[in-house]
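Structural overview for review
Below are the chains, spelled out letter by letter.
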Amino acid sequence: LGDLKESGSIEERADIVLLLHYGARVDPSADPEQVVVLIAKNRDGATGKAPIKFLPEFGLMTND
């Protein structure tokens, strides 16, 4: 979020900021279908992490 603060008012105006971490991009041994959504800011709720499944052949992300 610190980088967003330096980019103007994006972070200030946003109600929700989601960051995606795709481990397979940095670690070839990681599961290519595993993505972690980092809820960095949520004005009306909780923050934290949520694992999701990425199906690249369909361009689909799902929480199954």
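Read on for an overview of the structure. Just so you know, these numbers come straight off a predicted model, no measurement behind them.

Examining the overall build of the chain
Scanning the chain for helices and strands turns up 2 helices and 4 strands. When the helices and strands of the chain are read in sequence order from the N terminus, they spell out α-α-β-β-β-β. A compact globule built from 64 residues should have a C-alpha radius of gyration of about 11 Å, whereas the chain, at 14 Å, is more than 25% larger. Its C-alpha atoms put the chain at 35 × 25 × 20 Å along the principal axes. Expressed as a percentage of the 64 residues in the chain, the buried residues total 17%. When contacts within the chain are restricted to residue pairs at least 6 apart in sequence, those whose partners lie at least 24 apart make up 21%. Here the chain has roughly 5000 Å² of accessible surface; of this, 53% comes from carbon and sulfur atoms. Side chains of the chain carry 7 positive and 11 negative charges; the gap between the two charge centres is 5 Å.

Considering the sheet that holds strand β3 (residues 48–55)
Strand order in the open sheet made by the 4 strands is β1-β2-β3-β4, with antiparallel pairing throughout. Of all the strands in the sheet, just β1 (16–21) and β4 (60–62) have a single pairing partner and so form its edges. The average undirected angle you get between the axes of adjacent strands in this sheet is 35°. Across 6 bridges, β1 lies against strand β2 (residues 34–42) in antiparallel orientation. Bridge assignment links Leu 20 to a residue of β2, and that residue is Val 37.

Re the pairing of β2
One ladder, built from 6 bridges, connects β2 with β3; its direction is antiparallel. Opposite Val 36, over in β3, you have Pro 51 as the bridge partner. Remark: 5 residues form the turn of the hairpin made by β2 and β3, two consecutive strands paired antiparallel.

Structural notes on the side chain of Thr 62
Within the fold, Thr 62 resides in strand β4. Discounting chain neighbours no more than four positions away, the residues touching Thr 62 are Ile 52 and Lys 53.

Reading the values: the criteria
- Residues numbered from 1 in each chain as written.
- Predicted model: local features only at pLDDT ≥ 70, side-chain atom pairs only at ≥ 80, totals over all residues.
- Heavy atoms only, no water.
- Helix = DSSP H or I, 4+ residues; strand = E, 2+ residues; numbered from the N terminus.
- Rg over C-alpha atoms; globule rule 2.2 N^0.38 Å.
- Buried < 20%, exposed > 50% of the residue type's maximum accessible area, 1.4 Å probe, protein only.
- Contact = heavy atoms within 4.5 Å.
- Areas by Shrake-Rupley, 256 points an atom, 1.4 Å probe, with all protein chains shown as cover.
- Lys, Arg positive; Asp, Glu negative; His and termini not counted.
- Charge placed at Lys NZ, Arg CZ, Asp CG, Glu CD.
- Pairing = 2+ DSSP bridges.
- Axes fitted to C-alpha atoms, helices over the stretch in contact; angles between N-to-C directions.

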